[in-house]
Amino acid sequence: MKPVLFHVGGIEIPAYLTMIMFGFFAAALVARRDGERAGLDGVALIDLCILMLVVGVVGARLLAVLTDGFLQDFVNLCTNSKLVDPIDTAVRFCTNDGQCGGDYLCDVGAQAAVVAGERKSMCYPPQDCLAVFKFWQGGLTFYGGVLLAAPAGFLYARRRKLGALRAADLLAPALMIALAVGRIGCFLNGCCYGAQTDSVFGVLFPGNLADRHPTQLYESLFAFGLFVVLRSILRPRLARDGQLFGAMLALYGVFRIALEFVRDDPRGALGPLSTSQLIGLPLIAFGIYLLLRAQREQPKV
(Lines give C-alpha, C1' and ligand atoms only; values in the text may rest on other atoms or scores of the structure.)
Protein backbone atom coordinates (compact mmCIF):
# COMPACT_ATOMS: atom_id res chain seq x y z
CA MET A 1 0.00 0.00 0.00
CA LYS A 2 1.06 3.58 -0.54
CA PRO A 3 -1.26 5.99 1.29
CA VAL A 4 1.15 8.86 0.61
CA LEU A 5 2.30 9.15 -2.99
CA PHE A 6 5.07 11.67 -2.34
CA HIS A 7 5.98 14.80 -0.42
CA VAL A 8 6.18 18.37 -1.67
CA GLY A 9 8.05 20.71 0.63
CA GLY A 10 7.24 18.53 3.61
CA ILE A 11 3.55 18.30 2.68
CA GLU A 12 2.13 14.81 2.18
CA ILE A 13 0.27 14.19 -1.07
CA PRO A 14 -2.26 11.45 -0.25
CA ALA A 15 -2.90 8.76 -2.85
CA TYR A 16 -6.61 8.61 -2.03
CA LEU A 17 -7.31 12.27 -2.74
CA THR A 18 -4.97 12.33 -5.74
CA MET A 19 -6.77 9.47 -7.47
CA ILE A 20 -10.16 11.02 -6.71
CA MET A 21 -9.02 14.20 -8.43
CA PHE A 22 -7.58 12.29 -11.40
CA GLY A 23 -10.91 10.49 -11.66
CA PHE A 24 -12.77 13.80 -11.58
CA PHE A 25 -10.62 15.34 -14.32
CA ALA A 26 -11.08 12.25 -16.51
CA ALA A 27 -14.84 12.34 -15.95
CA ALA A 28 -15.06 16.07 -16.67
CA LEU A 29 -13.15 15.71 -19.94
CA VAL A 30 -15.35 12.80 -21.04
CA ALA A 31 -18.53 14.66 -20.10
CA ARG A 32 -17.49 17.85 -21.93
CA ARG A 33 -16.43 16.01 -25.07
CA ASP A 34 -19.60 13.91 -25.21
CA GLY A 35 -21.77 16.91 -24.37
CA GLU A 36 -20.32 19.12 -27.10
CA ARG A 37 -20.82 16.30 -29.60
CA ALA A 38 -24.47 16.22 -28.54
CA GLY A 39 -24.80 19.98 -29.00
CA LEU A 40 -24.72 20.97 -25.32
CA ASP A 41 -22.74 23.75 -23.68
CA GLY A 42 -19.40 22.23 -22.70
CA VAL A 43 -18.62 24.94 -20.14
CA ALA A 44 -21.98 24.38 -18.45
CA LEU A 45 -21.20 20.67 -18.24
CA ILE A 46 -17.84 21.37 -16.58
CA ASP A 47 -19.64 23.60 -14.08
CA LEU A 48 -22.10 20.77 -13.50
CA CYS A 49 -19.24 18.33 -12.85
CA ILE A 50 -17.64 20.70 -10.33
CA LEU A 51 -20.94 21.17 -8.53
CA MET A 52 -21.52 17.43 -8.35
CA LEU A 53 -17.96 16.84 -7.12
CA VAL A 54 -18.35 19.26 -4.22
CA VAL A 55 -21.86 18.13 -3.26
CA GLY A 56 -20.91 14.50 -3.84
CA VAL A 57 -17.94 14.66 -1.46
CA VAL A 58 -20.22 16.12 1.23
CA GLY A 59 -22.78 13.35 0.72
CA ALA A 60 -20.14 10.63 0.53
CA ARG A 61 -18.49 11.76 3.76
CA LEU A 62 -21.78 12.27 5.57
CA LEU A 63 -23.06 8.77 4.81
CA ALA A 64 -19.71 7.22 5.75
CA VAL A 65 -19.59 9.00 9.09
CA LEU A 66 -23.18 8.12 9.94
CA THR A 67 -23.24 4.49 8.82
CA ASP A 68 -19.72 3.00 8.86
CA GLY A 69 -19.67 2.55 12.64
CA PHE A 70 -16.96 5.10 13.41
CA LEU A 71 -19.07 8.02 14.63
CA GLN A 72 -18.14 7.40 18.25
CA ASP A 73 -14.49 7.10 17.23
CA PHE A 74 -14.59 10.62 15.79
CA VAL A 75 -16.00 11.86 19.09
CA ASN A 76 -13.33 9.99 21.06
CA LEU A 77 -10.57 11.32 18.80
CA CYS A 78 -11.45 14.75 20.09
CA THR A 79 -12.12 13.87 23.73
CA ASN A 80 -10.02 10.79 24.61
CA SER A 81 -8.15 9.23 21.70
CA LYS A 82 -6.91 6.33 23.86
CA LEU A 83 -10.38 4.83 23.42
CA VAL A 84 -9.87 4.56 19.65
CA ASP A 85 -8.38 1.34 18.26
CA PRO A 86 -5.75 1.69 15.50
CA ILE A 87 -7.01 0.57 12.09
CA ASP A 88 -3.82 0.13 10.08
CA THR A 89 -1.39 -1.57 12.43
CA ALA A 90 -1.26 -5.15 13.66
CA VAL A 91 0.88 -4.24 16.71
CA ARG A 92 -0.80 -5.24 19.97
CA PHE A 93 1.91 -4.57 22.53
CA CYS A 94 4.47 -1.77 22.65
CA THR A 95 6.93 -0.07 24.93
CA ASN A 96 7.41 3.14 22.92
CA ASP A 97 5.69 5.14 20.20
CA GLY A 98 8.08 4.06 17.46
CA GLN A 99 6.91 0.46 17.66
CA CYS A 100 3.35 1.42 16.73
CA GLY A 101 4.21 2.90 13.35
CA GLY A 102 2.89 5.97 11.63
CA ASP A 103 1.80 8.71 14.03
CA TYR A 104 0.36 6.27 16.57
CA LEU A 105 1.26 6.64 20.23
CA CYS A 106 1.92 3.92 22.79
CA ASP A 107 -0.16 3.71 25.96
CA VAL A 108 2.33 1.87 28.18
CA GLY A 109 -0.27 1.45 30.90
CA ALA A 110 -2.74 -0.44 28.70
CA GLN A 111 -1.03 -3.85 28.65
CA ALA A 112 -3.44 -5.40 31.14
CA ALA A 113 -6.45 -4.14 29.17
CA VAL A 114 -5.09 -5.69 25.96
CA VAL A 115 -4.37 -9.01 27.67
CA ALA A 116 -7.90 -9.02 29.10
CA GLY A 117 -9.37 -8.33 25.66
CA GLU A 118 -10.73 -4.93 26.67
CA ARG A 119 -8.58 -3.22 24.03
CA LYS A 120 -7.21 -4.47 20.74
CA SER A 121 -3.88 -2.70 21.02
CA MET A 122 -1.74 -0.58 23.27
CA CYS A 123 -1.30 1.79 20.32
CA TYR A 124 -3.72 4.66 19.80
CA PRO A 125 -3.99 7.67 17.47
CA PRO A 126 -3.18 11.23 18.55
CA GLN A 127 -5.97 13.62 19.46
CA ASP A 128 -7.60 15.15 16.39
CA CYS A 129 -10.86 17.08 16.65
CA LEU A 130 -10.91 17.72 12.90
CA ALA A 131 -10.60 14.06 11.84
CA VAL A 132 -14.27 13.88 10.84
CA PHE A 133 -13.61 16.42 8.08
CA LYS A 134 -10.45 14.78 6.69
CA PHE A 135 -12.05 12.85 3.85
CA TRP A 136 -8.76 12.76 1.94
CA GLN A 137 -7.53 10.14 4.42
CA GLY A 138 -10.34 7.79 3.39
CA GLY A 139 -13.94 7.40 4.40
CA LEU A 140 -16.15 8.28 1.43
CA THR A 141 -19.09 6.20 0.25
CA PHE A 142 -19.92 6.13 -3.46
CA TYR A 143 -23.65 5.87 -2.93
CA GLY A 144 -23.62 8.73 -0.44
CA GLY A 145 -22.13 10.94 -3.12
CA VAL A 146 -24.67 9.79 -5.72
CA LEU A 147 -27.66 10.36 -3.43
CA LEU A 148 -26.72 13.98 -2.74
CA ALA A 149 -25.05 14.93 -6.03
CA ALA A 150 -27.77 13.54 -8.33
CA PRO A 151 -30.58 15.85 -7.12
CA ALA A 152 -28.23 18.84 -7.14
CA GLY A 153 -27.13 17.94 -10.67
CA PHE A 154 -30.69 17.53 -11.90
CA LEU A 155 -31.67 20.96 -10.54
CA TYR A 156 -28.62 22.62 -12.07
CA ALA A 157 -29.15 20.91 -15.44
CA ARG A 158 -32.75 22.13 -15.56
CA ARG A 159 -31.72 25.65 -14.61
CA ARG A 160 -29.11 25.74 -17.38
CA LYS A 161 -31.59 24.10 -19.78
CA LEU A 162 -29.36 21.12 -20.39
CA GLY A 163 -32.18 18.65 -19.84
CA ALA A 164 -31.96 16.73 -16.57
CA LEU A 165 -32.20 13.21 -17.97
CA ARG A 166 -30.15 14.07 -21.03
CA ALA A 167 -27.39 15.42 -18.81
CA ALA A 168 -27.66 12.30 -16.63
CA ASP A 169 -27.12 10.11 -19.70
CA LEU A 170 -24.02 12.11 -20.62
CA LEU A 171 -22.64 11.83 -17.10
CA ALA A 172 -23.32 8.10 -16.63
CA PRO A 173 -20.17 6.88 -18.44
CA ALA A 174 -18.15 9.74 -16.92
CA LEU A 175 -19.23 8.66 -13.44
CA MET A 176 -17.93 5.16 -14.06
CA ILE A 177 -14.51 6.31 -15.24
CA ALA A 178 -14.29 8.50 -12.13
CA LEU A 179 -15.16 5.51 -9.96
CA ALA A 180 -12.65 3.28 -11.77
CA VAL A 181 -9.80 5.69 -11.04
CA GLY A 182 -11.03 6.53 -7.53
CA ARG A 183 -11.06 2.89 -6.45
CA ILE A 184 -7.36 2.67 -7.27
CA GLY A 185 -6.97 5.35 -4.61
CA CYS A 186 -8.87 3.10 -2.18
CA PHE A 187 -6.44 0.28 -2.96
CA LEU A 188 -3.39 2.49 -2.39
CA ASN A 189 -4.93 3.76 0.84
CA GLY A 190 -5.60 0.22 2.09
CA CYS A 191 -9.33 0.67 2.69
CA CYS A 192 -12.45 -1.03 1.26
CA TYR A 193 -10.77 -4.45 1.19
CA GLY A 194 -12.40 -7.86 0.94
CA ALA A 195 -12.58 -11.10 2.89
CA GLN A 196 -9.60 -13.32 3.60
CA THR A 197 -8.47 -15.49 0.70
CA ASP A 198 -5.77 -18.01 -0.17
CA SER A 199 -6.08 -17.30 -3.89
CA VAL A 200 -3.36 -15.76 -6.05
CA PHE A 201 -5.33 -12.51 -5.98
CA GLY A 202 -4.85 -12.08 -2.23
CA VAL A 203 -3.21 -8.90 -0.95
CA LEU A 204 -1.96 -8.14 2.56
CA PHE A 205 -3.49 -4.85 3.69
CA PRO A 206 -2.27 -2.73 6.65
CA GLY A 207 -3.66 -3.86 9.98
CA ASN A 208 -4.37 -7.39 8.71
CA LEU A 209 -2.51 -10.64 9.32
CA ALA A 210 -3.83 -12.55 6.28
CA ASP A 211 -4.25 -11.85 2.56
CA ARG A 212 -7.58 -10.42 1.47
CA HIS A 213 -9.49 -9.94 -1.76
CA PRO A 214 -8.53 -6.61 -3.41
CA THR A 215 -12.18 -5.70 -3.92
CA GLN A 216 -11.16 -2.13 -4.78
CA LEU A 217 -9.43 -3.43 -7.92
CA TYR A 218 -12.35 -5.72 -8.76
CA GLU A 219 -14.65 -2.71 -8.67
CA SER A 220 -12.19 -0.55 -10.59
CA LEU A 221 -12.02 -3.10 -13.41
CA PHE A 222 -15.80 -3.45 -13.50
CA ALA A 223 -16.35 0.31 -13.53
CA PHE A 224 -13.90 0.75 -16.39
CA GLY A 225 -15.59 -2.05 -18.31
CA LEU A 226 -19.01 -0.51 -17.66
CA PHE A 227 -17.67 2.85 -18.87
CA VAL A 228 -16.73 1.24 -22.19
CA VAL A 229 -20.04 -0.61 -22.46
CA LEU A 230 -22.14 2.46 -21.68
CA ARG A 231 -20.25 4.81 -23.97
CA SER A 232 -19.51 2.56 -26.93
CA ILE A 233 -22.17 -0.16 -26.95
CA LEU A 234 -25.31 0.91 -25.12
CA ARG A 235 -25.39 4.62 -25.99
CA PRO A 236 -26.18 4.02 -29.69
CA ARG A 237 -28.89 1.52 -28.70
CA LEU A 238 -30.53 3.41 -25.84
CA ALA A 239 -31.84 6.39 -27.75
CA ARG A 240 -34.28 7.88 -25.22
CA ASP A 241 -33.48 10.28 -22.41
CA GLY A 242 -32.82 8.55 -19.11
CA GLN A 243 -32.15 5.09 -20.50
CA LEU A 244 -28.36 5.19 -20.31
CA PHE A 245 -28.44 6.56 -16.77
CA GLY A 246 -30.98 3.89 -15.84
CA ALA A 247 -28.79 1.17 -17.32
CA MET A 248 -25.82 2.44 -15.31
CA LEU A 249 -27.80 2.41 -12.05
CA ALA A 250 -29.12 -1.09 -12.67
CA LEU A 251 -25.89 -2.71 -13.89
CA TYR A 252 -23.65 -1.13 -11.29
CA GLY A 253 -26.20 -1.80 -8.56
CA VAL A 254 -26.31 -5.52 -9.31
CA PHE A 255 -22.52 -5.74 -9.34
CA ARG A 256 -22.18 -3.74 -6.12
CA ILE A 257 -24.66 -5.92 -4.26
CA ALA A 258 -22.68 -9.01 -5.28
CA LEU A 259 -19.33 -7.39 -4.41
CA GLU A 260 -20.55 -6.46 -0.93
CA PHE A 261 -20.74 -10.15 -0.07
CA VAL A 262 -16.97 -10.35 -0.69
CA ARG A 263 -16.02 -7.15 1.14
CA ASP A 264 -15.01 -7.43 4.78
CA ASP A 265 -13.88 -3.96 5.82
CA PRO A 266 -15.65 -2.09 8.66
CA ARG A 267 -18.82 -0.50 7.25
CA GLY A 268 -22.48 -0.05 8.07
CA ALA A 269 -25.04 -2.84 7.87
CA LEU A 270 -28.62 -3.66 8.78
CA GLY A 271 -29.05 -7.35 9.41
CA PRO A 272 -27.40 -9.39 6.65
CA LEU A 273 -27.25 -6.47 4.20
CA SER A 274 -24.68 -3.70 4.11
CA THR A 275 -25.62 -0.05 3.73
CA SER A 276 -24.59 -0.12 0.06
CA GLN A 277 -26.78 -3.16 -0.59
CA LEU A 278 -29.76 -1.50 1.06
CA ILE A 279 -29.27 1.62 -1.03
CA GLY A 280 -28.48 -0.36 -4.18
CA LEU A 281 -31.80 -2.21 -4.23
CA PRO A 282 -34.04 0.86 -4.73
CA LEU A 283 -31.50 2.39 -7.13
CA ILE A 284 -31.66 -0.77 -9.27
CA ALA A 285 -35.45 -0.48 -9.24
CA PHE A 286 -35.20 3.20 -10.20
CA GLY A 287 -32.81 2.36 -13.02
CA ILE A 288 -35.21 -0.26 -14.39
CA TYR A 289 -38.03 2.28 -14.07
CA LEU A 290 -36.07 4.79 -16.17
CA LEU A 291 -35.44 2.14 -18.81
CA LEU A 292 -39.13 1.18 -19.01
CA ARG A 293 -40.40 4.75 -18.71
CA ALA A 294 -38.23 5.90 -21.57
CA GLN A 295 -39.88 3.37 -23.86
CA ARG A 296 -43.08 5.49 -23.80
CA GLU A 297 -41.30 8.74 -24.67
CA GLN A 298 -39.99 10.22 -27.86
CA PRO A 299 -36.41 9.41 -28.85
CA LYS A 300 -33.68 12.02 -28.55
CA VAL A 301 -33.17 14.47 -31.39
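Look a little higher up for the structure.
Residues numbered from 1 in each chain as written. Predicted model: local features only at pLDDT ≥ 70, side-chain atom pairs only at ≥ 80, totals over all residues. Heavy atoms only, no water.

Draft legend 1. Molecular detail of the overall build of the protein chain. The number of helices and strands found in the protein chain is nine helices and six strands. The globule rule puts the C-alpha radius of gyration for 301 residues at 19 Å, and the 21 Å found for the protein chain is close to it. Structurally, the protein chain occupies a C-alpha span of about 70 × 40 × 35 Å along its principal axes. Counting across all 301 residues of the protein chain, residues that qualify as buried make up 47%. Taking the intrachain contacts of the protein chain between residues at least 6 apart in sequence as the baseline, contacts between residues at least 24 apart amount to 67%. In the form shown here, the protein chain has an accessible surface area of approximately 15400 Å², with 65% of it arising from carbon and sulfur atoms. The distance from the centre of the 27 positive side-chain charges to the centre of the 23 negative ones in the protein chain is 11 Å. (Helix = DSSP H or I, 4+ residues; strand = E, 2+ residues; numbered from the N terminus. Rg over C-alpha atoms; globule rule 2.2 N^0.38 Å. Buried < 20%, exposed > 50% of the residue type's maximum accessible area, 1.4 Å probe, protein only. Contact = heavy atoms within 4.5 Å. Areas by Shrake-Rupley, 256 points an atom, 1.4 Å probe, with all protein chains shown as cover. Lys, Arg positive; Asp, Glu negative; His and termini not counted. Charge placed at Lys NZ, Arg CZ, Asp CG, Glu CD.)

Draft legend 2. Examining the pattern of salt bridges more closely. Under the criterion given, the structure shown has 16 salt bridges. With a closest N to O distance of 2.9 Å, Asp-264 and Arg-212 form a salt bridge. A residue pair is termed long-range when its members are at least 10 positions apart, and Asp-264 in the loop between helix H8 (243-260) and strand E5 (269-270) and Arg-212 in the loop between helix H6 (164-189) and helix H7 (215-234) qualify at 52 residues. Accessibility expressed as a relative area gives 10% for Arg-212, which makes it buried. As a salt-bridge pair, Arg-256 and Glu-260 come within 2.8 Å of each other at their nearest N and O atoms. A residue pair is termed a helical-turn pair when its members lie 3 or 4 positions apart in one helix, as Arg-256 and Glu-260 do in helix H8 at four residues. (Salt bridge = Lys/Arg side-chain N within 4 Å of Asp/Glu carboxyl O.)

The values reported here are purely geometric and, on their own, carry no functional implication.
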